[in-house]
Amino acid sequence: MKLIIDNKTIEVNRDLTVLEAAEENGIYIPKMCAHPELVPYGGCRLCIVEIEGRKGYPTSCTTIVEDGMIVRTDTNTLQDMRIDLVQLILSEHPSGCLLCEDIDGCSQFQETIRKVGVTTGCRWCPKDKDCELQKVVESFNITELSLPGLYRDLPVEKYDPFFDRDYNLCIYCGRCVRICNEYRKSSVLSLRQRGKHTTTGPSFDNNHTDAGCEYCGACVSVCPTGAMSEKSRKWWGMPDTYSSSVCPLCSINCEIQVLSLHNKIVGTIPPGKPHETAGELCVKGRFCLSEIVNRTERILEPQFHYPEGYGIVSWDEVINKGGEILQNLKPERSAVFISPDLPVEDYLAAKTFSEKVLKTDVITSSCFDTNMIAYTKLAFNSVSLEKVRKADNILSLFLNGNYNFAPLTMAVKGAASSGIPYYQLGWIKDTTSRFATQIIVPEPGDEVRILDRIITCIESGKCDNEMIKELSDRLKKNDNPVIIIGPWVLSLTNCTIILDRIRKIISITNSKLYMPDPHGNLRGLLSSVSLKPVESVLGKINKGEIDLIYLIGDAPFSVKPKKVKHLFYQSAFPAPEDLEPDVILPSTLWGEGGGTFAGENGSPVTVKQVANAHDYAISHLEILTRLASASKVKGAGVAIKNRAGKVPVRLMQQIPDDYVTASALSGIASPGKKLEFIMVQERSPHMYMNLDLGRGIEGLGELVMPGHVQINLSDAKDMEIENGDSVKITDNEVEKTYPVAVRKNIPKGVVFLTILNGSGDYKNNPCYVKIRRVNV
Amino acid sequence: MFKVIERKSIVPNLHLLVVHAPDVVETIQPGQFVIIHAGEGSERIPLTAADWDREEGTLSIVFMEVGTSTGKLAMLQPGDEIQTVVGPLGVPIEIEKFGVVVCIGGCFGMGSIYPVVRALKEKGNEVITMLEGRSKNLLYWEEKLSKYSDKVIMLTRDGSYGYKGHVKKGVEILREQGIKPDRVIANGCTTLSYLATRDYAHYDIPVIVTLNTIMIDGTGMCGVCRCTVDGKMKFACVDGPSFDGRLVDWDELAARRKQYISEEAFLVHHSGCGGF
């Protein structure tokens, strides 16, 4: 159809709004509340236009184009009305700077005192020069305020991690509320109070965490003013470079946009125009990446362990000394541990290094235990996220998606909100739980029995439980049912048995699998290196069959094993205090070097270097090449460089069939005597190299509370336990004391604990426990 | 230890701090400053005295919340104690009978100009006080200052109170009213000091500004507050903080103030100080 906007004939072949049609054709209409990812709202009214034959001044964002429409966007009446509207906004928005003739001189001197507690003008605002209101005001050339100013004087909210809110700067466009509800489907934010007391935020004056906020940052991204600002990037000013990259923090490998200033990473946002895309990132991709790279606790220089203690040495010296150790190695008496978060080039280098220099094929990763092997093998059948979006029934098992896997949880929420039945089995209420048709909180041991009942029901049609019958029928008869298994299953005692049952369900139904993995590039690692199960490697070490251990971004133990002679530690993050490696080699991190990641279907994804390396750090590939040359093995250095330069066009994962032994599949753990609480533990899914982000990133720590037992609010009330109190927890065999974090997303009768690695302190996970408050 | 008598936010970002420091106020003069140490591990912050009461032994300071340590100060409650209040430091501002003196205060300077205005008036000068803020809600102490001023002129950048404009507008008002100043004293941020120097240059009279350089010990030992005045190296702590703005090397001053900006911004986020 055809329409005329400002005397320009425009052809449109879709149901666009007048605003969209104008923008597509380069016609500027001012706007504040309209946003490409949101349903038109008509709140700010700046986008009013005149349409021939229509009464009044319709908002162009809410008007759909019609054939033959004649639209004017720029008449004097419209401009006058818009200026009045902007004046209304400015009367409540600290705007002195916008009207100040000395604004340029100010920029020269004010830089150091910008970082004020409360923003009272543009030059002191974290969003200065990145503010949509500024641009609108500039477009109108406003030099006078026609209305008296009203400063709301609300306290600035700084108590939540990752972003601050200053509602004195809010213009009520409602974008944050709408993006949270419409787009992310999190329903954390709403407009509170009425009239001039209105603010946005969680209802009932809850803090964001208790209101179920995932800290996805969508609200911060779309906020047109400085009302919402990122804590870590608040005072850096505008970035000078925007580069596209890929997040290395889980297997979904979201596309991200890295913001840098003077070759230093200052933040990460979703791809697309800043402000215009809310994206599908989780808290880690949105807020933690820049904090990881800019951590102060990095290894700064190479170190060598002399008899009298550690000495900081030059790279040349450490390579020579390391090379000397490597010259006298016996074949097959070395072991390599490598992180599943590195680029493929580093893996190929490590493989060649092991073969040529260490003369060993013992390469493993501390995550690669029996459970992980079973999980990864089953995950070979994992489908793409698109299938989850189009599923006609979803069952999620052990999915703890609060601060994780946002594209997956968004797919689930999207499907479920359109009416698709969604069953959730697990012990924590995550962001998807509000959409669940049924939430199953299994008793210890029941996590296998429920699956067995589903299998029986599918095979024989017999079932005495209505819900299981319904679910089984859907898995069997629907066309596109999807089963999601979260990596939480890796921490459960019955992990391999559960995965075996799922395999069975897949084989007898139409169900598809989706299994996210918390490691950034385990796929790439498994396609480049034939990993040994970590248990077998640890067994060799304990038996004294290993002389040298080489750690590449991995720290499987906190103390150097007794019978090991040499320990090389190569990472960006400091070694555990008692590890005492012989050689400490500082490596670069994601973003400080380029590389290849293995995409969902095995296709290589290239990650660019976007920042300068930290101090003296160099890449894993470079370190290994230099050490190989120093080890005097002929041609080893060149071989490593050559091998790493040849990344295959398809990165296919491989795990030998005999890795999951029959013994792993026998015997469901006995749940033991029933006690008043169910204790469930989860291995931290927030690892990056050997850094647990829950412990390393302050803000994430406040959310996931590592080392704290999380307990339901009403359970805590009954037992008179408050945040920070200590409790003794026993399964009648082991008794341990933990600090408490009271959380609303823990079901009644369940206590939840994040552990760093291993299987935790109790014999079984989950298990029944008793809780006692420790009197102080 | 120094006891906090009062700490309140007077306008957004600016706080009034009243502290019991009898030894300091015994000899303090207008234009002098103290160094405050919010707590162990804090920076040392130089702050100009805004008022004092020798009988009670109390010292008042208006400070701006602008980083980690001032953030800590902004959380003080009456009855709390401050580890260190060192002073009086710096050279007192020159107070003579000059004739007509224009005193310009902006931001925290609306507080620190008060003792200067009072002393000038007591010496028999005709004092014209100009207070400058971006908006009406950022102005304070108008009444307190008017007691010692022959005229108080209020300036806001958005025109929400008094005249609309900045320092330059003040010059226009003086011209319209036929007032010829004999001396200008400006207290406030570096921009305000610079603009006062620039906009009053044509009168060819001293424009006394209070420089806020980065400062550590305040006694001339460390040299961090180095600035160039009249081509000579000066230390703001012992040679100032008041200088004739016409002689100040402003570009050098601006550059030196930005020296630690990335460390400062990093700390605001990572000090774990109430979300700062």
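Quick look at the overall build of chain A now. Scanning chain A from terminus to terminus reveals 22 helices and 33 strands. At 29 Å, chain A has a C-alpha radius of gyration in line with the 28 Å of a compact globule built from 776 residues. Counting the 776 residues in chain A, one finds 61% classified as buried. Considering only residue pairs separated by 6 or more positions, chain A has 71% of its internal contacts joining residues 24 or more positions apart. Per element, the accessible surface of chain A, about 30,600 Å² overall, is 49% carbon and sulfur. Charged side chains of chain A number 88 positive and 95 negative; the gap between the two group centres comes to 4 Å.

Our next topic: the packing of aromatic side chains. Tallying each qualifying case throughout the model produces 18 aromatic pairs over all chains. Taking 6.3 Å as the distance between ring centres and 75° as the angle between the ring planes, the aromatic pair formed by A:Phe573 and A:Tyr688 counts as edge-to-face. Of this pair, A:Phe573 sits in the loop between β22 (566–571) and β23 (583–586) while A:Tyr688 sits in strand β27 (residues 687–688); the two residues are 115 residues apart in sequence, bridging distant segments of the chain. On the basis of relative accessibility, which here comes to 2%, the residue A:Phe573 falls in the buried class. By relative accessible area, A:Tyr688 is classed as buried at 3%. Centroid distance B:Tyr114 to B:Tyr148: 6.0 Å. Interplanar angle 70°. Geometry classified as edge-to-face. With B:Tyr114 in helix α4 (residues 114–122) and B:Tyr148 in the loop between α5 (142–146) and β10 (151–156), the pair connects residues that are 34 residues apart, well separated along the chain. Classification of B:Tyr114 as buried rests on a relative accessible area of 6%. For B:Tyr148, a relative accessible area of 22% translates into the label partly exposed. Linked through ring pairs, A:Phe162, A:Phe163, A:Tyr215 and A:Phe287 together constitute an aromatic cluster. Of note, A:Arg178 hangs over the ring of A:Tyr41, and the distance from its end group to the ring centre comes to 4.1 Å. Of note, B:Arg118 hangs over the ring of B:Trp52, and the distance from its end group to the ring centre comes to 5.4 Å.

Attention now moves to the side chain of B:Asp244. Residue and element names in this part refer to chain B. You can see Asp-244 is positioned in strand β16 (residues 242–244). Since its relative accessible area comes to 13%, Asp-244 is described here as buried. A polar side-chain atom of Asp-244 sits 2.8 Å from a polar atom in the side chain of Arg-246. The residues touching Asp-244, leaving out its near neighbours within four places in the chain, are Pro-206, Val-207 and Ile-208.

Residue and element names in this part refer to chain A. Tracing the backbone through its elements, the reader meets Arg-286 in helix α7 (residues 283–293). When its relative accessible area of 2% is taken as the criterion, Arg-286 is described as buried. Those residues in contact with Arg-286 that lie beyond four places of it in its chain are Cys-216, Gly-217, Val-220, Ser-221, Glu-230, Thr-268, Ile-269, Pro-270 and Leu-281.

Here the focus is the interface of chain B and chain A. Frequently, the measure chosen for interface size is the accessible area that the parts lose on association. Every contact between the two is made by 38 residues of chain B and, on the other side, 37 residues of chain A. Approximately 3,400 Å² of surface area, both sides summed, lies buried where chain B meets chain A, with 61% of it carried by carbon and sulfur atoms. Joining chain B to chain A, the criterion identifies zero salt bridges. For the side of chain B that touches chain A, the elements supplying multiple residues, two or more each, are α7 (190–199), α8 (250–257) and α9 (261–270) of chain B. Broken down by element, the residue count for the side of chain B that touches chain A peaks at eight residues, all from α9(B). Taken together, the residues that form the side of chain B that touches chain A break down as 15 nonpolar, 12 polar and 11 charged.

What follows is about the pairing of strand β15 (residues 232–235) of chain B. Residue and element names in this part refer to chain B. Two elements, strand β14 (residues 226–229) and β15, share four bridges in a ladder whose sense is antiparallel. Each residue of the ladder has a partner; that of Thr-228, found in β15, is Met-233. Linking two consecutive strands that pair antiparallel, namely β14 and β15, is a turn of two residues; a positive phi of about 55° is found at Asp-230 within it.

We now examine helix α8 (residues 315–327) of chain A. Turn by turn, an α-helix covers 3.6 residues, leaving residues three or four places apart pointing in a common direction. Residues and elements named next belong to chain A. Taking 1.5 Å as the rise per residue, α8 with 13 residues should run 18 Å; its terminal C-alpha atoms sit 18 Å apart, in good agreement. All of the buried residues along α8 are Trp-315, Val-318, Ile-319, Gly-322, Gly-323, Ile-325 and Leu-326. Looking down the long axis of α8, one finds its buried residues gathered within 155° of arc, a one-sided arrangement. Those residues of α8 that are buried lie in contact with β12 (303–306), α9 (344–358), β21 (548–552), β22, β23 and α18 (620–630).

A separate point is the sheet that holds strand β10 (residues 255–261) of chain A. All names here are of chain A. Strand order in the open sheet formed by three strands is β9-β10-β11, and the pairing between neighbours is antiparallel. Unpaired on one side and paired on the other, β9 (241–246) and β11 (264–269) mark the two borders of the sheet. The average angle at which neighbouring strand axes cross in this sheet is 35°, direction not considered. Of the strand pairs in this sheet, β9 and β10 are connected by six bridges, and their pairing is antiparallel. Looking across to β10, one finds that Ser-244 is bridged to Gln-257. Where α7 meets the sheet, its contacts fall on β10 and β11, and the angle it forms with β11 comes to roughly 170°.

A word on the sheet that holds strand β18 (residues 438–440) of chain A. Residue and element names in this part refer to chain A. Ordered in space as β18-β17-β16-β19-β20, the five strands form an open sheet in which the pairing is parallel. Each having just a single partner strand, β18 and β20 (512–514) make up the two edges of the open sheet. Strand-to-strand twist of the sheet, defined as the mean angle between neighbouring strand axes without regard to direction, takes the value 15°. Bridge count for strand β16 (residues 393–397) against strand β17 (residues 422–425) is four bridges, and the pairing is parallel. When the bridges of β17 are listed, Ser-396 appears paired with Gln-424.

It is worth spelling out the domain arrangement of chain B at this point. Residues and elements named next belong to chain B. Here chain B is described as being made up of domain 1 (2–89) and domain 2 (100–257). Domain 1 and domain 2 are separated by 21 Å when their C-alpha centres are compared. Listed as interface residues are 19 residues of domain 1 and, on the opposing side, 23 residues of domain 2. Contact between domain 1 and domain 2 buries roughly 1,700 Å² in total, counting both sides, with carbon and sulfur atoms accounting for 69%. The largest share of the area that domain 1 buries against domain 2 comes from Phe-33, Arg-44 and Asp-51, three residues that together contribute 23% of it. Put simply, domain 1 and domain 2 have two salt bridges between them. Along the contact surface separating domain 1 from domain 2 lie four residue pairs in polar contact (both at pLDDT 80 or more).

Thresholds, definitions, all that
- Every chain is numbered independently, its residues counted from 1 as its sequence is written.
- Here every chain gets a letter starting at A, and every ligand a number starting at 1, in the order they are written.
- Per-residue local features are limited, in this predicted model, to residues with pLDDT of at least 70; the limit for side-chain atom pairs, both in listing and counting, is 80 or more; totals at the level of whole chains, interfaces and linings are taken over all residues.
- Hydrogens are left out, water is left out, and the side-chain values use all remaining heavy atoms of the structure.
- By the criteria applied, helices consist of DSSP H or I runs no shorter than four residues and strands consist of E runs no shorter than two, each listed in order from the N terminus.
- Atoms considered for the radius of gyration are the C-alpha atoms alone. The globule rule reads 2.2 Å times the number of residues to the power 0.38.
- Per-residue accessibility, obtained with a 1.4 Å probe over protein chains only, is compared with the maximum for each type, and a residue is labelled buried under 20%, exposed over 50%, and partly exposed between these values.
- For this analysis, residues touch if any pair of their heavy atoms sits within 4.5 Å.
- Exposure was quantified through the Shrake-Rupley algorithm and a 1.4 Å probe, taking into account, for residues, occlusion by the shown protein chains and nothing else.
- We treat Lys and Arg as the positive residues and Asp and Glu as the negative residues; His and chain ends play no part in the count.
- In plain terms, the charge of a residue is placed at NZ if it is Lys, CZ if Arg, CG if Asp and CD if Glu.
- Between 30 and 60 degrees the pair is tilted, below 30 it is stacked and above 60 it is edge-to-face, where a pair is any two Phe, Tyr or Trp rings, Trp via its six-membered ring, whose centres lie within 6.5 Å.
- Should the NZ of a Lys or the CZ of an Arg lie within 6 Å of a ring centre and within 35 degrees of the ring normal, that charge is described as sitting over the ring.
- By the criterion applied in these results, polar contacts are pairs of N or O atoms within 3.5 Å in which, for protein atoms, one can donate a hydrogen and the other can accept it, and in which residues neighboring in sequence qualify only through two side-chain atoms.
- The term buried area refers to how much accessible surface (probe radius 1.4 Å) is lost by two components on association, counted for both of them together.
- Salt bridges are defined as contacts in which a side-chain nitrogen from Lys or Arg sits within 4 Å of a carboxyl oxygen from Asp or Glu.
- Each residue gets one label: Ala, Val, Leu, Ile, Met, Phe, Trp, Tyr, Cys and Pro are nonpolar, Asp, Glu, Lys and Arg are charged, and the others, such as Gly, are polar.
- The criterion for strand pairing is that DSSP finds at least two bridges linking the strands in question.
- Helix span is expected to be 1.5 Å times the residue number reduced by one.
- Throughout, the arc means that of the directions going from the helix axis to the C-beta atoms.
- Helix axes are fitted only over the stretch in contact, all axes being lines through C-alpha atoms; the angle between N-to-C directions runs from 0 to 180 degrees.
- As used throughout, domain bounds are those supplied by an automatic or database domain assignment.

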